[in-house]
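Summary of structural features
Now for the letters of each chain:
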Amino acid sequence: MRKRVLVAVMIGVLFALGASLALAQGGSTQDEEAIRKLHQSFAEAWTNHDTQAMSMFWAQDGDFIGPDGQYVSGRARIENYLAEAHTGDFATAKLAIAIKGIRFLKPDVAVVNAEAEISGGKDWYDKAMASQKAIATSVVVKTDGKWFTAAFRLFVPPPPPQED
């Protein structure tokens, strides 16, 4: 009898410890869905070339580092950066995003890893650009019940080396 009580207490302690760790680090299923929707809605705004809508996915003090290493901070500056890009090479581009992982650091902070593909862009000579695949990492934060991008990093892997 005593052994059963001890086992039951140990199971209860382990369950409570596991639940508290999950609550401390994990967001809810609804949070994960909202984060996925945030990224998909951004891709839709990109494809529609709505730079004002795109900028609203960032926190007021959010920042962005592009594949060229350019650092842009603040929602208004990010909107200007995107507007310039969408009147140039990306004026006809489409964006697809595939979320590869969401890791909650706290219930209101998560790191998102994604793969992206930009297609349909044109260069300065109005020539179609090849599709570009990229790897993106973002930190998203929940403020007043809504998720925003606090930091976004984009990396475009170089093409494989050419064989001689």
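On a predicted model such as this, the values are computed, not experimentally measured, just so you know. (Residues numbered from 1 in each chain as written. Predicted model: local features only at pLDDT ≥ 70, side-chain atom pairs only at ≥ 80, totals over all residues. Heavy atoms only, no water.)

Another point: the overall build of the protein chain. When you go through the protein chain residue by residue, the secondary structure sums to four helices and six strands. Each helix and strand of the protein chain, placed in order from N terminus to C terminus, yields the pattern α-α-α-β-β-α-β-β-β-β. By residue count, 32% of the 164 residues in the protein chain fall in the buried class. Taking contacts inside the protein chain between residues at least 6 apart in sequence as the whole, the part at least 24 apart equals 53%. (Helix = DSSP H or I, 4+ residues; strand = E, 2+ residues; numbered from the N terminus. Buried < 20%, exposed > 50% of the residue type's maximum accessible area, 1.4 Å probe, protein only. Contact = heavy atoms within 4.5 Å.)

For the rest of this paragraph, the subject is unusual backbone geometry. Positive phi, close to 60°, is recorded for histidine 49, a residue that is not glycine. Here histidine 49 shows up in the loop between helix 2 (29–47) and helix 3 (51–55). A positive phi angle, near 50°, is found at aspartate 144, a position not held by glycine. Relative to the assigned elements, aspartate 144 resides in the loop between strand 5 (132–143) and strand 6 (146–155).

Right, let's talk about helix 4 (residues 75–85) for a bit. For helix 4, the set of buried residues is Arg75, Ile78, Leu82 and Ala85. Buried residues of helix 4, viewed axially, fall in a sector of 85°; they line one side. Pointing more than 90 degrees away from the buried face of helix 4 are the exposed residues Ala76, Arg77, Asn80 and Glu84. The secondary structure elements touched by the buried residues of helix 4 are helix 2, helix 3, strand 1 (58–65), strand 2 (71–73) and strand 6. (Arc of directions from axis to C-beta.)

As a rule of thumb, soluble globular proteins bury nonpolar side chains together. Within the largest apolar cluster, 32 residues are counted, with the highest numbers of intra-cluster contacts made by Ile35, Phe42, Trp46 and Leu95. Mapped onto this core, the elements with two or more residues apiece are helix 2, strand 1, helix 4, strand 3 (94–106), strand 4 (109–119), strand 5 and strand 6. In this view, leucine 95 contacts Phe42, Ala43, Trp46, Thr47, Ala116, Glu117 and Ile118; residues no more than four positions away in its chain are not counted. (Core = buried A, V, L, I, M, F, W, Y, C linked by side-chain atoms within 4.5 Å.)

Everything listed here is a matter of coordinates, which is why it stays silent on function.
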